[in-house]
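# Residue-level structural notes
In case you want the letters, here they are:
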Amino acid sequence: MTAYNDEIGLRSLYFNLPVGLSMKFFLTIVSLGLTTSLLADDGKKSEATTFNVPYRLTATQHVLVRAKINGKGPFNFILDTGAPALFVSTAVGKKLGLTADKSGWATLDRFALEGGAVVIKATARIEDPFQLEGMNGLGLAGAHLDGIIGYNVLARFRIEFDFTKDKLAFTALDYDPPPPQGLGTGAGAAGGLDTMAAVMKFIGGFLGQKAEPEIILPGFFGLQLSEAKDGVQVKSVLAKSPAAMAGLQPGDRITHLQRKKLASAADFRRQASKLPAGTAAQLTIVSHEKTSEVTVQLAKGF
Amino acid sequence: MRRNFYSFAGLLLLVLPSWADQKDTPPASVPFELLKTKHIAVKIMVNGKGPYRVIFDTGAPVLLLNNKIAKESGVLDKNAKPPLFSLFGAAGEAKIKTLEIGNLKATDVPTIVMDHPTLELISKLLGPIEGIVGFPFFARYKMTLDYQAQRLTFVPNGYDPPDVMKTIMDTVMAMAGDKPRPPKVLTPAAQWGVLLDKDDKDLDEGVTIQDVLPGSAAAQAGLQAGDRLLTLDGHWTDSLADAYQAAGHIKPDSSAPVLIRRTGREMELTVKPQSGS
């Protein structure tokens, strides 16, 4: 954190590790970030409307949103009033060719949140706050984190958080937030916190985990099903769908999928969700009292 | 219900507790102090003691009180000693019986007790900061944050925040086992009738709708082969995985807006997918 010397990045993931493999996790994160540098003014407003911003909660109970920078992305960010500014990881900075000035600030032409909220000419720190490194090392968020959205972006909106809903509401304010001021202490990162990220990264390596699990996109059949006594019944088949190509017809009964017996339509969905697009799915069907095997070439889509 | 009054004297002094039950309370409006560092500071009452000045932090998955106020408010026993191996005097987890912010009163809020070095540093420079209020408190409310008005509002929403320690433990345990991490299956919740494609070299936004099956929900909504799907229910669909994930939220017979680009023009259509695989 050299270019950031008199800034205190806090967002500390604290862990009380040891105890063999069954590590006992202790504290998580607190996120505060202070800055002593004077920030440049941030730029222009977004239109005065309300945007519904999709989010999800990570295992660490952080609010994760997606954003595009200059049309590129999306990247994963945590919403954090404990951060004084927008932080973008050095990896993303490099990928997008973002250049920071001497004091570590870059200007993003366009910072767009999923759901439509946009900040033009947003200033950002291009650096890797150690909390992110720690969380990424352990894969705790369930997604790779690319940065933190703090005060200088948050203050441009009135933000409604309601975790009973699937989106946050961002209402653009006609407000140019005054930049964070420094404390002028010249103090470095609060003692001991930086090492936490190193420890967590180390543990992450030890666990051999990647931040992101493998993703399966189940293949598309084009079937509507209903329950039947033995297996499931085809209620309808979408024209030109993989199921239609395989010759399936309404009234057919499917008894097996991939040679596994089907107990219900829910059972079919469960088995089918394990079959990625591109799979040649084997179905045993009973059509006009004749049993046969058909192959459905599962498509990408839904 | 008693009216709150606030006094501003350079610093913000908060708010008397009210006796009202939180379920019947109208939206509680809590002014906040914006520290020089742009942290949000509010005053809280802990088990009737206080007020204490703390930082309000959406990025904090826990509440945190320092040892001093934890003992003063009875969250920790006065004679409690920190455990033998303890970072920053961390005394572990505890419960706050009543936590009040403005006229809000939350009960049984889990907290961590420790002397956070950063808080100590801020306290030295900007006056006492005794803790942090985060997710386990604010998640119980529909909460609005307005820096311009320097105000938070809270309406109880019935949300029961999961225990962060437990979710983290579960995640870590799942990772620490011998088993490989299970793949993430993105199952669409309903049948649209669209075939999608995007090859690796295609870095433009959206995914291409390769085909729209006749008679399907997508066809009825007016989607056409060749359309570029940009968003589905407000979610970006820049990859097949994103499109699948967004479709995972849309139940059969519910309506979802989609934004598409067709011959250079963007348009929004509404799709009402049906049940099916």
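Residues numbered from 1 in each chain as written. Chains lettered and ligands numbered in written order. Predicted model: local features only at pLDDT ≥ 70, side-chain atom pairs only at ≥ 80, totals over all residues.

### Comments concerning the overall build of chain B
- Summing up its helical and strand segments, chain B has six helices and 19 strands in all.
- Sorting the 277 residues of chain B into buried and exposed places 47% on the buried side. (Helix = DSSP H or I, 4+ residues; strand = E, 2+ residues; numbered from the N terminus. Buried ≥ 20, exposed ≤ 12 C-beta atoms within 10 Å, placed from the backbone.)

### Quick word on the overall build of chain A
- Secondary structure assignment for chain A yields six helices and 19 strands.
- Within chain A, counting contacts between residues at least 6 apart in sequence, those at least 24 apart form 66% of the total. (Contact = placed C-beta atoms within 7 Å.)

### Structural notes on the interface of chain A and chain B
- In this assembly, 84 residues from chain A lie in contact with 79 residues from chain B.
- Top contributing element to the side of chain A that touches chain B by residue count: strand S11 (residues 157-161) of chain A, with four residues.
- A per-class count over the side of chain A that touches chain B returns 48 nonpolar, 23 polar and 13 charged.
- Alignment of strand S13 (residues 215-216) of chain A against strand S13 (residues 184-185) of chain B, held across two bridges, turns out to be parallel. Looking across to S13(B), one finds that A:Ile216 is bridged to B:Val185. (Nonpolar A, V, L, I, M, F, W, Y, C, P; charged D, E, K, R; others polar. Pairing = 2+ DSSP bridges.)

### Thoughts on the sheet that holds strand S12 (residues 167-172) of chain A
- The six strands lie next to each other as S3(A)-S12(A)-S11(A)-S11(B)-S12(B)-S3(B), forming an open sheet whose pairing is antiparallel. Looking at which strands have only one partner, the edges of the open sheet turn out to be strand S3 (50-54) of chain A together with strand S3 (28-31) of chain B. Averaged over all adjacent pairs, the angle separating strand axes in this sheet is 20°, with direction ignored.
- When S3(A) meets S12(A), the two strands line up antiparallel, connected through five bridges. Among the inter-strand pairings, A:Asn52 is bridged to a residue of S12(A), identified as A:Ala169. (Axes fitted to C-alpha atoms, helices over the stretch in contact; angles between N-to-C directions.)

### Some thoughts on helix H2 (residues 117-126) of chain B
All names here are of chain B.
- What H2 keeps buried is the set Thr118, Leu119, Leu121 and Ile122. The arc that holds the buried residues of H2, viewed along the axis, is 160°, so those residues lie on one side.
- Backbone geometry just downstream of H2 places Gly127 in the positive-phi region, at approximately 90°. (Arc of directions from axis to C-beta.)

### Here's the deal with the nonpolar core
- By size, the foremost hydrophobic cluster in this structure holds 93 residues, and its most contacted members are A:Leu86, A:Phe111, A:Leu154, B:Val42, B:Ile44, B:Val46 and B:Val54.
- The leading source of residues in this core is strand S5 (residues 40-46) of chain B, at six residues.
- Counting 50 residues, the second-largest nonpolar core is a separate cluster that includes A:Val296, B:Ala190, B:Trp192 and B:Ile260. (Core = buried A, V, L, I, M, F, W, Y, C linked by C-beta atoms within 7 Å.)

### Re the pairing of strand S18 (residues 280-287) of chain A
Residues and elements named next belong to chain A.
- In this structure, strand S16 (residues 253-257) lies alongside S18, joined through four bridges in antiparallel fashion. Its bridge partner being in S18, Ile254 is matched across the sheet by Ile285.
- Pairing of S18 with strand S19 (residues 290-297) involves eight bridges; the strand directions are antiparallel. Across the sheet, residue Ala280 finds its bridge partner in S19, namely Gln297.
- Connecting S18 to the next strand, S19, in antiparallel fashion are two residues, including His288 with a positive phi near 50°.

### Focus on unusual backbone geometry
- Going from A:Gly73 to A:Pro74, the amide bond is cis rather than trans, its omega being 0°.
- Within the element layout of this structure, A:Pro74 appears in strand S6 (residues 72-79).
- For the bond from B:Gly50 to B:Pro51, the omega torsion is 0°, close enough to zero to count as cis.
- Mapped onto the elements of the fold, B:Pro51 is located in strand S6 (residues 49-56).
- With a phi close to 65°, A:Gln61 is a non-glycine residue in the positive phi region.
- Position of A:Gln61 among the secondary structure elements: in the loop between strand S4 (56-57) and strand S5 (63-69).
- Located in the positive-phi region is B:Asp253, a residue other than glycine, with phi close to 70°.
- Mapped onto the elements of the fold, B:Asp253 is located in the loop between helix H6 (240-247) and strand S18 (256-262).
- A count of 11 C-beta atoms within 10 Å places B:Asp253 in the exposed class.

### Details of the environment of B:Arg151
Residues and elements named next belong to chain B.
- You can see Arg151 is positioned in strand S12 (residues 151-156).
- Once the C-alpha coordinates of Arg151 and Glu33 are considered, the two residues, 118 residues apart in sequence, prove to be 8.7 Å apart.
- Once residues within four sequence positions are removed from consideration, Arg151 is found in contact with Ser29, Val30, Pro31, Phe32 and Asp146.

### Some thoughts on the confidence of the model for chain A
Residue and element names in this part refer to chain A.
- Here chain A averages 78 in pLDDT, while 73% of its residues score no lower than 70.
- Averaged pLDDT values for the elements of chain A fall to 34 in strand S1 (residues 8-9) and rise to 98 in helix H5 (residues 242-245).
- Here residues 204-208 is modelled with pLDDT under 50, and outside its nearest four sequence neighbours on either side it reaches six contacts, counting other chains as well. (pLDDT = per-residue confidence, 0-100.)

### Brief notes about the environment of B:Tyr147
- Secondary-structure assignment places B:Tyr147 in the loop between strand S11 (141-146) and S12.
- Classification of B:Tyr147 as buried rests on a count of 23 C-beta atoms within 10 Å.
- C-alpha of B:Tyr147 to C-alpha of B:Leu34: the two residues are 113 residues apart in sequence and 8.1 Å apart in space.
- Residues within four places of B:Tyr147 in sequence aside, it is in contact with A:Leu154, A:Ala155, A:Pro177 and B:Leu34.

### Focus on the pairing of S6(A)
All names here are of chain A.
- In terms of burial, S6 is a largely internal element, seven of the eight residues being buried.
- Judged from the five bridges that link them, S5 and S6 form a sheet pairing that is antiparallel. Considered in S6, the bridge of Ile69 is made with Lys72.
- A loop of two residues connects S5 with S6, the two strands running antiparallel in sequence, and Asn70 in this loop sits at a positive phi of about 50°.
- Relative to strand S10 (residues 147-149), S6 runs parallel, the two sharing three bridges. Residue Phe77 lies in a different strand from S10, and its bridge partner there is Gly147.

### Considerations on the confidence of the model for chain B
- On average, chain B scores 86 in pLDDT, and the residues at 70 or more come to 84%.
- Across the interfaces of the predicted complex, the ipTM metric reaches 0.84, alongside a pTM of 0.81.

### Structural notes on helix H6 (residues 265-272) of chain A
All names here are of chain A.
- Buried residues of H6: Ala265, Phe268 and Ala272, and no others. Angularly, the buried residues of H6 cover 55° about the axis, an arc narrow enough to put them on a single face.
- Of the surrounding elements, those touching the buried residues of H6 are strand S14 (223-227), strand S15 (232-237) and S16.

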